[in-house]
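# A structural walkthrough
Next come the chains, spelled out residue by residue.
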Amino acid sequence: MEMAKFGIGQAVRRVEDQRFVTGHGRYVDDISLPRMCYGVTVLSPHAHARITRVDTSKAKAAPGVLCTLTGADAKAEKLGSLTAHLMPEDFGAPKGHRTFLPILNAEKVRFVGDRVAFVVAETLLQARDAAELVEIDYEPLPAVVALEDAAKDGAAKVWDDCPAGNVAFRLMFGNKDATDAAFAKAKHVVKLRVDNNRLSPATMEPRVAIGDYDAADENCTLYATSQNPHGLRMEMSHVFHMPENRIRVVSPDVGGGFGLKGANFPDDALVLWASRRLGRPVKWTSTRSESLLNDTCGRDLVYFGEMALDENGRILGVRAQCLFQVGAYFVGACLAAGAFSLRFIPQAYDVPAIHIMSQGLFTNTSPSGPYRGAGRPEAAYFTERLVEHAACAIGMDPTEIRRMNLLAPSRLPYTTPTFWTFDSGEFARLLDRCVELSDVKGFAARRKASERAGKLRGRAATSYIEFGGIFNERVDLRFDPGGSLTILAGTHSHGQGHATVFAQIAHEFLGVEFESIRFVQGDTAQVPIGRGTYAARSATVGGNALKVAAQAIIDKGKSLAAAMLEADAADIDFNAGRYRVTGTDKSILLVDVAKASYAPMGPLTEKFGVGLEASGSYSANPPSHPNGAHVCEVEIDPETGAVTIARYHVVDDLGRVLNPMIVRGQIQGGVAQGIGQALMEHHFYDRESGQLMSGSFMDYAMPRADALPNIESELEEVPCKTNPLGVKGIGESGTIGAPPTVINAILDALRPMGVATIEMPATPMRIWDCIRRGHGGAGATG
């Protein structure tokens, strides 16, 4: 058996890919159950309105229609609503305004795309036709869309009972007096307003749900595109007031999640409710237009910040006020992004004094939720833009000002003013390494070559830090009578390659054949419990839980092996999948011990029980802190504003690398999404009407292959000191580092043209206009 070939640190090809590339992936929309019918949701065309009448009589009479559901029906059946998982008062912050998102609205709609009715028919086309026949009368109300409008006194209120206007929550970190004192003695103070553009997750696979209610057993099965099946089961238990053991959630292959599919939606409940009504399976599939209307959005913040520095460029303090987008409903894990967008403002810099505040604001737009990075990209963008602006304002090299202020390894462990503790990292070294890889010495020649071609060229280097791992996790290992091993994981892979990496970990510690390992996830009837996959948690929490389970298997198997080898358990050693009696040639394979544990009779099973299995748990307290540096070079055509990303380099510290090939794929995907935000993606509404203006892929632009550079990636292993595997996570890092790096590089190219700042997305039109006007707009001062 070749241990090294499939163990930790090896670039093992993903075992999942065989079925994906051959068209054998199984997604929810691929599932077709007997007698299945189809549902279509009727959505509000208004950003804010009272519902005065809902008449479904014509829809009910339409061909093929089986049932119609309304908000009044939901009230009559006393169905529950969706709400926030975490409120600020839960961790000692001022009380927030809790809201409830109904399964269907009966009285009022609060954004374009809010759900009003549900129509089920024999075919999808019949359901769509009938949905057009539902008659709804609305009384339009004033709407508010822009964050700065929502914050104004006298703004239209999204929630009449909200005591603080449109303020859903307030958060604050730091010490005002200490920060004021730092600013008072500063040699330099720079100010900057930064917008972080609103994004749609735009997953390759839209959300899909199938509800299948079994009246005989009073059980139901929900097939869903979920990153967190057990969390979805718990939510449905609350909605239907059913015990969780009567609800099964199956989440098979999932085509991208990015945080969106960690949330729970009324659509999941609608198919279960309709199935219970009809006694037949009901499928709902989101159209792309629906996805853009009522998927949770990401980002959408406005920062007003300032930085104090001494005469040498050392940071003395940071102040910031932030407006954070909540949307129409405060639901799910919205607060996580709101909190992290403040808590990561210090980044890995030594910031002695800080005073930062945020207001989460209701608007008449789709609800906000975590999107790849969830607050960390927003904070990194703000800080890296501010540091770059400070360097330019005081005449310092941007890389030097970063190197000077980054925490030295000797300062670790270090607790930030926002209560993160960084256990490990070599932040300045990684920045220098990334700069070296990017061939900074050759930049001047490349810039001159661009100028000869009539182009502008710029570069930027930035640093980032985030966290990986949240909550606890459990992983179960189970041998079958034939000696094959099954991993039952409560995490949920939707592109991350868990079936490969978790098998590598099991192979490393147990020595069983890699090819014999089966990986099971995404079914609450098979996996006892789990928290799902998000927040770069699976390697840190799931991987360490698997290590604990593996050790439990070894320990349990040692007693069986001792009995089989007629030795004392204290004399048994385990290595490379085999138990050995110390000082002898007597040994036995773990898989043979597992087979013997299933004997139908005999002293072994009478003493130790039947079967060899174990569970392992691990909690990410404290979490890990992945970090690294990015360098980007851009070339700009001043005649058109078109940007070409000419070179891109990344150096990441993710602790112990489990599979470098998969890691590099995660980095490349994250950088691609970050580039998309920087250059083209924008989910935006008309400021007056609240109508979505980017409601299709004709208007919501995303990066294609020809917009992306060759991303050069180097991995650094600075082991995490707070978990046994030493891993740090990597799933969100690329998305965090890319936006400020790209924008700072664009500004470096445009600065000779008199442009001091630009907002995302830096589209050709926006860049061309900045060049034409020769300034960076309001908000930039030095």
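The structure we're discussing is the one just above.
With that settled, consider the side chain of Ser463. Residue placement: Ser463 occurs in strand E18 (residues 456–465). Apart from the residues within four sequence positions on either side, Ser463 is in contact with Gln347, Tyr349, Glu384, Arg402, Leu406, Gly628 and Ala629.

Before going further, it helps to spend a moment on the sheet that holds strand E23 (residues 578–581). Taken in spatial order, the three strands line up as E22-E23-E24 in an open sheet, and their pairing is antiparallel. The sheet terminates laterally at strand E22 (572–575) and strand E24 (587–589), the two strands that pair on one side only. Ignoring strand direction, the axes of neighbouring strands in this sheet form an average angle of 20 degrees. Two strands pair when backbone bridges link them, and E23 and E24 are joined in this way by three bridges, in the antiparallel orientation. Bridge pairing in E24 places Arg580 opposite Ser587.

As a further point, take the layout of surface pockets. In this structure, the second largest pocket spans a volume of roughly 520 Å³. Among the elements of the structure, helix H6 (147–150), strand E8 (188–196) and strand E13 (301–309) are those that each provide at least two residues to the lining of the second largest pocket. With three residues, E8 is the largest single contributor of residues to the lining of the second largest pocket. Taken together, the residues of the lining of the second largest pocket sort by class into eight nonpolar, six polar and eight charged.

Moving on to empty space enclosed by the protein. For the coordinates displayed, the defined rule picks out four cavities of 30 Å³ or more. Here the largest cavity defines a volume of roughly 160 Å³. Lining of the largest cavity is provided by 20 residues; of these, Leu101, Asn264, Phe265, Thr296 and Val331 occupy positions nearest its centre. Its residues assigned to classes, the lining of the largest cavity shows ten nonpolar, eight polar and two charged. Lining the second largest cavity we find Arg207, Val208, Ala224, Thr225, Ser226, Leu232, Leu260, Lys261, Ala263, Phe265 and Asp268. A breakdown of the residues in the lining of the second largest cavity according to their chemical character gives six nonpolar, two polar and three charged.

The next point concerns the environment of Ile529. Turning to its location among the elements, Ile529 is positioned in the loop between strand E21 (518–520) and helix H17 (538–565). You can call Ile529 partly exposed: its relative accessible area is 29%. In this structure the C-alpha to C-alpha distance between Ile529 and Pro481, which are 48 residues apart in sequence, comes to 24 Å. With residues near it in sequence (within four places) discarded, Ile529 still touches His230, Glu473, Arg474 and Gly490.

Attention shifts here to the packing of helix H16 (residues 498–510) against H17. As a packed pair, H16 and H17 sit with axes 10 Å apart at the nearest point and diverge in direction by 35 degrees. Relative to H17, the crossing made by H16 is right-handed. Along the contact surface, H16 presents His498, Phe502, Ile505, Ala506, Phe509 and Leu510, while H17 presents Ser538, Gly542, Gly543, Leu546, Lys547, Ala550, Ile553 and Ile554. When its residues are assigned to classes, the contact of H16 with H17 shows nine nonpolar, four polar and one charged.

Criteria and thresholds
Residues numbered from 1 in each chain as written. Predicted model: local features only at pLDDT ≥ 70, side-chain atom pairs only at ≥ 80, totals over all residues. Heavy atoms only, no water. Helix = DSSP H or I, 4+ residues; strand = E, 2+ residues; numbered from the N terminus. Contact = heavy atoms within 4.5 Å. Pairing = 2+ DSSP bridges. Axes fitted to C-alpha atoms, helices over the stretch in contact; angles between N-to-C directions. 1 Å grid on protein atoms, 1.4 Å probe; cavity = no way out; pocket = protein on both sides within 12 Å on 5 of 7 lines; lining within 4 Å. Points joined across faces, edges and corners; volume = space filled by probe spheres on them. Nonpolar A, V, L, I, M, F, W, Y, C, P; charged D, E, K, R; others polar. Buried < 20%, exposed > 50% of the residue type's maximum accessible area, 1.4 Å probe, protein only. Left-handed = near helix turned anticlockwise from the far one by under 90°.

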